[in-house]
Amino acid sequence: DDPKQNNKSQYLEKVFSLDLPEGKCVGLRLMPMSPYNPDSIDPAQIQSNSQHWLRQYLHPKEIDYALKQMTSETARNTFFIGRLAMRAALNELHSDSN
C-alpha cells in the first residue's frame, strides 16, 4: 500500500514522483517528530508497539532486519523510507495501469 493513500501523510510527505526511462521514482520525507513520540520510527517505539504504523507497510522480516542489523540511525531510517518509497512507486505503477 502507498503510505500517502492510507492517511499516513502525518508521517510521510511525498516530495516527488517522476516517470523516468528506467521506471517510476518516488521520493518520501519522514515528518519530523520526537523519538519519544509513539509514532516515530525510533526502534524502541517500533518494538514496543505491535500496531505501529510502519508494520502496516513493511514485512516483519524487513523491520527485524533493520532493527537488529542496522546500528546506525541514519542507515536504518534510510532503509525504512527507501522500502516505503519503493512500495509507493509500485503502487503508482499499478494505479496507472488500471
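Conventions and cut-offs
Residues numbered from 1 in each chain as written. Predicted model: local features only at pLDDT ≥ 70, side-chain atom pairs only at ≥ 80, totals over all residues. Heavy atoms only, no water. Salt bridge = Lys/Arg side-chain N within 4 Å of Asp/Glu carboxyl O. Helix = DSSP H or I, 4+ residues; strand = E, 2+ residues; numbered from the N terminus. Buried < 20%, exposed > 50% of the residue type's maximum accessible area, 1.4 Å probe, protein only. Phe/Tyr/Trp six-rings, centres within 6.5 Å; stacked < 30°, edge-to-face > 60°. Pairing = 2+ DSSP bridges. Core = buried A, V, L, I, M, F, W, Y, C linked by side-chain atoms within 4.5 Å.

**Student:** In this structure, what is going on with the pattern of salt bridges? I would like to understand it.
**Tutor:** Proximity of charged atoms lets side chains of opposite charge pair with each other. Taken as a whole, this structure holds 6 salt bridges when the rule is applied. E92 serves as the salt-bridge partner of K14, at 2.7 Å between the closest nitrogen and oxygen. Here the residue K14 occupies a position in strand 1 (residues 12-20), and E92 occupies one in helix 3 (residues 73-97), the gap between them amounting to 78 residues. By relative accessible area, K14 is classed as partly exposed at 26%. Put simply, R83 and E62 hold a salt bridge, and the shortest N to O gap is 2.5 Å. Of this pair, R83 sits in helix 3 while E62 sits in helix 2 (residues 60-69); the two residues are 21 residues apart in sequence, bridging distant segments of the chain.

**Student:** Help me understand the packing of aromatic side chains in this model?
**Tutor:** To describe a pair of aromatic rings, one takes the distance between the centres and the angle between the planes. All chains considered together, the criterion is met by 4 aromatic pairs. Here the aromatic rings of Y11 and W53 are separated by 4.6 Å at their centres, their planes lie at 5°, and the arrangement is stacked. Separated by 42 residues along the polypeptide, Y11 in the segment before strand 1 and W53 in the loop between helix 1 (43-48) and helix 2 bring together distant segments of the chain. For Y11, a relative accessible area of 6% gives the class buried. In this structure W53 comes out as buried when scored by relative accessible area, which is 3%. Pairwise contacts between aromatic rings join Y11, W53 and Y57 into one cluster.

**Student:** Which parts of the structure should I look at to understand the pairing of strand 2 (residues 23-30)?
**Tutor:** Put simply, side chains in a regular strand alternate between the two faces of the sheet. By the bridge criterion, 8 bridges tie strand 1 to strand 2 in an arrangement that is antiparallel. Looking at the pairing, S17 lines up with V26 of strand 2. Linking strand 1 back to strand 2 in an antiparallel pair, the connection comprises 2 residues.

**Student:** Even after reading the chapter, I still don't get the nonpolar core, so can you show me in this structure?
**Tutor:** Here is a general trend for soluble globular proteins: nonpolar side chains tend to be buried in one another's company. Core analysis: the largest hydrophobic core is formed by 21 residues, its most contacted members being L28, I46, W53, L54, F80 and L84. Every element with two or more residues in this core is listed here: strand 2, helix 2 and helix 3. Sort the elements by how many residues they give to this core and helix 3 lands first, with 7 residues.

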